[in-house]
Structures are given as C-alpha cells and as structure tokens.
Amino acid sequence: KEIQESKSKEMKSAALIIQKQMRQVFARRFVASLLKKMKEDEMFQLRIKCATSLQTSWRRFFWRNRFLNHQKRKIECERQNNTKKREHLRQKRRLSLASLLYRDVIRIDTTIATVSIHLYEDVQTTMLLKVYVPSTRETFSFRLNENEVRECLERALCSEGRLSWDEMLKRDALNELTKRLMIRNVRGRPIFLFSRRNIVERGLLIKTAVLQSCGEIFLLSMFRSPYDIVFCTYQPSTRLQLRTKISIPKLSSWLNQIYAENRTTWSSSKNADASFISEPALRLLKQENQPNLIEWLVKRVVIRENPKHGKFELLFQYEAEEERVIKLVTKIQSQWRRIKSRRAAKSQTYTHWEKIYVREERMFAYRNTITDERQWEKPKLLGEDDLPEPVDEWRTEQIVDPTTGQVHVYHVNYGTGQSSWLTEKEAAVLVQRRYRSKHESDLIGKKKLDLVDVVNALKFIQGARDKYDKDPNKLANIVNYALLCHCIDLDFEKARPIYKEAMKVSPNHPLIARAYGIYLLASCQLPRATSFQTACRLFNEADLADPTQSKFHSATEIYFRWSVLADSKNPLALLNFALVHQCIYKKYEHSERLYRAALAADPTNEYVTENYRLFTEERYPGGSYVSLGPPFSVYRRSTIVEERPEWAEWVKMKDPMCPKKGFEIYFFNRFTKTTRFNEPDWKLVWDARVERSSCVSGKTTHWQEYYDPRTKTTFFYDGYSK
C-alpha cells in the first residue's frame, strides 16, 4: 500500500511537471505568434505611409505640370489673339488707305481743317467725307450716297448729261464737294456742316407736313418713285436732316401682313382704319389711292432718340416693332442662361469651397480651393445648407506668383487658423534687418536708393573730377571739387587749398560760405576758437544772403548725404552730415543722433569727439546752439533730485558733470524723453493729463477721480475751479 501511494505521488508530480512544461511551450508559441502579427502590422502601416507619401508627391507633380501647361496654353492663346487683332487693325488701315480718293487742307474764315474723301462699295456705293479740325481735335463725318454725289457734281460742273464715275472721281470734281462745307461757331467752338441744298431726291414730291416728336418740330417731305418712297425730315432748331426709305415690294408685304393679321378685328371694330376696311392692302399702292396711302404712312413714321448715342433717328413702325421683339428675345435668353449657370455653380460649390477658421477674428470663413479667394459670408448658392467644419490637421499649400510664376510654399491649419511662413532663423534675420533699416532711415532719411540713383551719383562725382582737371579756374568746378575732396574722399588736407581758392574768387557766395564753415569745424583747424568764430560768421552771412537754404540743398543731397549712404559706418561722413543739421538746418536732436552714431563707429576719433564736446557746450543758454534743455545723453549720468505726484511724468534731475555752472538742474519727461531748463507750464501739463485720462468716479461732485494710463496712477481733479 505504501509502495502504491509513493508511486501515485511520483506520477502526480510527473504530471504536474509535464503540465508546466506544456504551458510554457504553448505560451512561447502564443507570444511568438503575437510578435509575428505585430511585425506584420508595422510593415503594413509602413507600406501605407509610403504609398500615401508617393501618392501625394505624384498628385503634386501631376497638378503642377497641368497648371504650368495651362499657363503656357493661356499665354500662347493670348499671343495668337493679339496677333489676330494687330492683323485686323493692319487690314483695316490698308482698306482705309486704299479707299482714300482725295485729301486737302482748306481754310474757311479763320479755321484751318483737313478734308479727306473715301469711297466704299458695300451694299451700295457711298462716299465718306471727313473733316478734321486741328485746333479742337474734332472730326466731322458726312456720308453721301451715289445720287447725292452725282446731283452735287452735275450741278457744280454744269454737266449737260449724266456723269460717269471716272469723271466724278477726278480731283477737280471732288474739290467741288469741299465747297459745300459750311462752318458755324457754337459757344466758341467751330462746327462744320455739309450743305445738301438743291440735292433732289428721285421721284416726285407727294407730301409735305409738320411733325412734332420728343418736344421738337420736324418738317417732313415725301418723295415717290417707281421703286421706293423716301421720307426726309428737317429740324429747324438744330438744322438736323434725317432720311429713310422703303421699297415698293417691302411696302406691299408690310401692307398684306397687317391686313391679314387684323382683318377680323377691324371688321368688328368701330375705331378701325377706314382705308383698310374699304380698300384691300394692295389697292393703296395705286395712284388714285395715294392720299390714303400717304395718310397711313405718315401715321406710322417714328422719330425718336437712339438710347445708345442720344441722336434722333427716323424709322418706320415695323422697324421699331422688330427692334422691340429682338430686345425681348435677348432678355429671355439672358434670363435662361442665368438660371442654367446658377444651377451649375451650385453643384460645384461643395467641391470648390471649404470652411476655414480665422484665428484673429475667432470665427469661420469660406475659402475657394481653386482661386484661394476668401470671404466671411456663406456662398449664396448654398442656400440654407452649410459646408462641414474644417478638420484639425496641417496642410502644405502652394501659391504661384502671377507675375514671375514662382511657387511659394507655406503651412496652414484651417481647423485652428494657424499658419507658418518663415522659420525662426529667417524671422530673426528679418527683424534684425528691419531694425537696422529703420535706424539708418532715422539717421539719413527715408528715401531709398536704387540702381539709377547710384549710377547718376557716380557719374556726377566722376564728372566733377574731370571738369576740374579740364578747367581748374572755373568757380563751379572749384566748388564741386572742394566738396568732393571734403565729403566723398574725406581728405581734409587736400580740400583746404581748394576751399581757400574758392573763397578768394567769391567770398560772399552762401554755398561756399556754408561749405567752408562746415569744413573748418569738421577739420578742427587751429586755433579752434578762431575757427569756430569764423565758421559762425560765415553761417550768419550765408543766412542773410540765402535765408531758405535753397542753394545749399543740392550740395546736401549730392555730397553730404551721399557720403553717408555710401559708407554709413564712416565717422567722418557722419560728422559732416551732423554738422549740416547742426549749423545749417538747426536740427539739434538729429545732429545728436548722428554724433552718437559716429562715436559708436569710432569712439577715439579726435574730430568727432572735439566737435561733439563743442556741440554739447554750446547747447546751454548763452551758446550758439541754444535749446530748451540739455541733450538726452546727459540723462544717463544725471540723478533724480525731486519728483512729485502732481508733476506726473516730469522729474527734476541734476547733472554732476555739467560744463556750465548754474545749469546743473533741469526737468526731464520720462515718456517723451524731452528736457527743459525752466519749469514746464503746469497748466498745460494738467490739461493734457486730464484729456488723456478717464474718469473713474465722482461725476456727481465737483471733485472727480481720474486714472492716468501713462503713469498708471489715479488723481483727483476739481472740474469747477480747474
């Protein structure tokens, strides 16, 4: 029994060991299968990313090539259209020159004009007589048909028979047409007219009448021939002549059409036209019914103003009806095209527009994905529907410059409204460049140089050298060369004898006096006190001779300012420009900025340091460059002596290194950076402070509390006593 129990225990332990081993085997297999699936999933994701990137690159390449091809085709089409237009204009000019028969210059009264006659053979042969008046640059045109030309020439040449075209196209015959030109002066402006007097229409005069239309009186004349009926009107107030005609076949068809359309209506109407009821349409054309035909035609003649050019025109009732029908048809067609295009545009709105978020305004806008057009309002074609909200994802967009065709890339997230155009390095470089540009513009001026200005300046400088070499005795050459050595070459020793020679030739010239005075100060000529007094005397004499500095302005731009533009880091160039603003234009603040720039470029330059020392000493009361207060550079070495709440932004300062006794104390404005030796006008200070402040409380009492945003403090102010 014990042996059996031991065997069972051994078998049980063996079974447990086998189970443990099997579980480990199955676990290893399960883990291996999981790892294999994970690797397969990673490869699948990697393939998807690669495929997506390849598709994106291909689409970008495809659409870019398609856009470039479209641009090429568009440019080619425009070039072909321009070629066709130019060819059409050439053809038109050739036809105009080919049709020219006569050209001459005539004089009527005191007006000279150019007359040209052209011959056109389209539907019927016509002549166009043009009169051009050079004094008013106006052209008057008169169109004459064959009958009018023939009638004029036959009467003028006293021809016994019918003239041929060869006889009418001779220069002597065409000259007779120019003799029918008349001139009228209307409000001082010459108006040319062509006299058609004694030009008889074909056929017999069958009717004369007076018509009133559009508030004007017209004289009507009717002429009937076997082929047509002609209507002529004459307006006495403006001497305007109108003419129209209708052929006999056209009149017959018009009569039959009206009779057929309104036969039943006229038979039952009391107000019907008696001529049409009693006579058939074709009978009106007979000679015995001519009075009825005349009455019927006169009722259907229309005189109206043309809405396009505002001139009177003569036409029949059926012509006016045809124009009205054409306008109605055109309007219906335009309405149908509008409805059709609106439906097509609405179907494309969902694909061409998307919704974007504008971060600055905190609201949504709408963007056209093709033209990149943006607007706040929803596209009207959407109606009550709306586009889906944008997805929060970054996209790379491209924009093409229409002038250069260059493609620019930027990144944007339409879901959050963020966009990125530059990298941090590029943005930092741009800020530094803008700061340096602003600093230079504050010193030199806001005018920028381009290549043309540089070329002109270099030509002028080289020309000054060449002219002085050719003629060194001419005063203009001496002055230009002295300024060139002084400002451009910065050679003070070379400029000294040239300036002295110019002063000997013309000692009272304001330009030479000012330039020589600036040279004396810049070169620190010994003894310095005598040089300073001489320079001040020269400046005063130049101000008396030229108080507006007009003669010195060109020298400032060409020499002094150009030297700074050519080398803005040169201390001597900055010194010369500072002396110009200091001594000539009295702009002491600008001069101080130029001095500081020169000292920053070379703090050990003796010319700059000596002139700046003299400039600061003379700015105090009693000096030559007196200002309201000491220069701003004094503030850095000064200490605050006293400040009061009622002074606001003003404080009392003390300069321990003041070069003149009695002027150590001054007032300083911490916001405007201005200084004053005397106390400010406290009434003006308080008025400005109250104006910029906002009332906080106390509106019901005479004492009101204000908040000053500049000093960020509150104060009380009596609004009644002030």
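Up top you'll find the structure we're talking about.
Moving on, we come to the packing of aromatic side chains. Per the counting criterion, the structure on display carries 34 aromatic pairs. Ring geometry for Tyr620 against Phe677: centres 5.6 Å apart, planes inclined by 45°, an arrangement best described as tilted. Within this pair, whereas Tyr620 is found in the loop between helix H19 (606-618) and strand E19 (639-642), its partner Phe677 is found in the loop between strand E22 (675-676) and helix H20 (682-692), the two being separated by 57 residues in sequence. For the pair shown, Tyr620 and Phe677 are each scored as buried. A network of ring pairs unites the aromatic residues Phe532, Tyr588, Tyr595, Tyr612, Phe615 and Tyr625 as a single cluster. Sitting above the plane of the Phe364 ring, Lys355 keeps its charged end 5.0 Å from the centroid. Sitting over the ring of Phe715, Arg689 keeps its end group 4.3 Å from the ring centre.

One number sums up the size of the second largest pocket: a volume of about 1,500 Å³. What lines the second largest pocket is a set of 31 residues, and nearest its centre among them are Trp63, Thr369, Ile370, Glu397 and Gln398. At the level of secondary structure, the elements contributing two or more residues to the lining of the second largest pocket comprise helix H1 (2-98), strand E16 (395-400) and strand E17 (407-413). No other element matches H1, which puts 12 residues into the lining of the second largest pocket.

This part is about the sheet that holds E16. What the three strands build is an open sheet, ordered E16-E17-E18; its pairing is antiparallel. On the outer flanks of this sheet lie E16 and strand E18 (418-420), each paired with one strand and no other. Shown here is a sheet whose adjacent strand axes are inclined to one another by a mean of 35°, direction ignored. Relative to E18, E17 runs antiparallel, the two being bridged by three bridges. If you follow Asn413 over to E18, its bridge partner there is Gln418.

Below, the discussion takes up a nonpolar patch on the surface. On the surface, Phe30, Val31, Leu34, Leu35 and Met38 cluster together to form a nonpolar patch covering roughly 470 Å² of accessible area. Residue class for Val31 comes out partly exposed when judged on its relative accessible area of 44%.

Before going further, it helps to examine helix H14 (residues 510-523). Helix length check: H14 (14 residues) gives 20 Å between terminal C-alpha atoms against 20 Å at 1.5 Å per residue, within 8%. Of all 14 residues in H14, 14 are buried, a share of seventy percent or more. Two residues or fewer past H14, Cys524 is found with a positive phi of approximately 55°.

Within the secondary structure, Gln549 is located in the loop between helix H15 (528-545) and helix H16 (550-566). Polar side-chain contacts of Gln549 include one of 3.4 Å to the backbone oxygen of Pro547. When near neighbours in sequence (up to four residues on either side) are disregarded, Gln549 contacts Arg514, Asp543, Ile584 and Tyr585.

Across the sheet, which stays open at both edges, the four strands sit in the order E19-E20-E21-E22 with antiparallel pairing between neighbours. Looking at strand neighbours, the two that pair on one side only are E19 and E22, the edges of this open sheet. By the bridge criterion, three bridges tie E19 to strand E20 (residues 650-654) in an arrangement that is antiparallel. When the bridges of E20 are listed, Ile640 appears paired with Met653.

So, about the packing of H14 against H15. Contact geometry for H14 and H15: axes closest at 8 Å, N-to-C directions at 155°. Taken together, the axes of H14 and H15 lie roughly antiparallel to each other. Where H14 crosses over H15, the handedness of that crossing is left-handed. Each of Pro510, Ala513, Arg514, Tyr516, Gly517, Ile518, Leu520 and Leu521 in H14 lies in contact with H15, whose residues at this interface are Ser531, Phe532, Thr534, Ala535, Leu538, Phe539, Ala542, Asp543 and Ala545.

With that settled, consider the environment of Val302. Topologically, Val302 is positioned in strand E11 (residues 301-305). Through-space distance from the C-alpha of Val302 to that of Phe316 is 5.7 Å; in sequence the pair is 14 residues apart. Ignoring any residue separated from it by four or fewer positions in sequence, one finds Val302 in contact with Glu313, Leu314, Leu315, Phe316 and Gln317.

Turning to the pattern of salt bridges, a few remarks are in order. The full count for this structure, using the stated rule, is 38 salt bridges. Arg528 serves as the salt-bridge partner of Glu610, at 3.1 Å between the closest nitrogen and oxygen. You can see Glu610 sitting in helix H19 and its partner Arg528 sitting in helix H15, a full 82 residues away along the chain. For Lys683, the salt bridge goes to Asp687, with nearest N and O atoms at 3.3 Å. A residue pair is termed a helical-turn pair when its members lie 3 or 4 positions apart in one helix, as Lys683 and Asp687 do in helix H20 at four residues. Owing to a relative accessible area of 33%, Asp687 belongs among the partly exposed residues under this scheme. Put simply, Glu354, Arg367, Asp372, Arg374, Arg395 and Glu397 are held in one network by salt bridges that share partners.

Put simply, side chains in a regular strand alternate between the two faces of the sheet. Relative to strand E6 (residues 189-194), strand E5 (residues 181-186) runs antiparallel, the two sharing six bridges. Each bridged residue has a counterpart across the sheet, and for Leu181 the counterpart in E6 is Phe194. Counting the residues in the hairpin turn of E5 and E6 gives two residues, including Arg187, whose phi is positive at 55°.

With that settled, consider the nonpolar core. Of all hydrophobic cores here, the largest spans 61 residues; its most connected members are Leu483, Tyr499, Ile518, Leu521, Phe552 and Phe560. Contact partners of Phe552, with chain neighbours within four places excluded, come to Leu511, Arg514, Ala515, Ile518, Asp546, Phe560, Val580, Ile584 and Tyr585.

Residue Pro527 follows Leu526 across a cis peptide bond; omega there is -15°. Take Pro527: it is sitting in the loop between H14 and H15. The backbone of Arg362 sits at a positive phi, close to 55°, despite the residue not being glycine. Following the sequence through the fold, Arg362 ends up in the loop between strand E13 (353-358) and strand E14 (363-368). Judged by its relative accessible area of 71%, Arg362 falls in the exposed class. Unlike most non-glycine residues, Leu490 shows phi in positive territory, near 55°. Within the secondary structure, Leu490 is located in the loop between helix H12 (475-488) and helix H13 (492-505).

Rules and cut-offs
- Residues numbered from 1 in each chain as written.
- Predicted model: local features only at pLDDT ≥ 70, side-chain atom pairs only at ≥ 80, totals over all residues.
- Heavy atoms only, no water.
- Phe/Tyr/Trp six-rings, centres within 6.5 Å; stacked < 30°, edge-to-face > 60°.
- Helix = DSSP H or I, 4+ residues; strand = E, 2+ residues; numbered from the N terminus.
- Buried < 20%, exposed > 50% of the residue type's maximum accessible area, 1.4 Å probe, protein only.
- Lys NZ or Arg CZ within 6 Å of the ring centre and 35° of its normal.
- 1 Å grid on protein atoms, 1.4 Å probe; cavity = no way out; pocket = protein on both sides within 12 Å on 5 of 7 lines; lining within 4 Å.
- Points joined across faces, edges and corners; volume = space filled by probe spheres on them.
- Pairing = 2+ DSSP bridges.
- Axes fitted to C-alpha atoms, helices over the stretch in contact; angles between N-to-C directions.
- Patch = residues over 30% accessible without salt bridge, like charges linked within 9 Å, V, L, I, M, F, W, Y side chains within 5 Å.
- Areas by Shrake-Rupley, 256 points an atom, 1.4 Å probe, with all protein chains shown as cover.
- Salt bridge = Lys/Arg side-chain N within 4 Å of Asp/Glu carboxyl O.
- Expected span 1.5 Å × (residues − 1).
- Polar contact = N/O pair within 3.5 Å; in protein donor to acceptor, adjacent residues only side chain to side chain.
- Contact = heavy atoms within 4.5 Å.
- Parallel < 35°, antiparallel > 145°, perpendicular 65-115°, else oblique.
- Left-handed = near helix turned anticlockwise from the far one by under 90°.
- Core = buried A, V, L, I, M, F, W, Y, C linked by side-chain atoms within 4.5 Å.

By themselves, these figures tell us nothing about what the structure is for.
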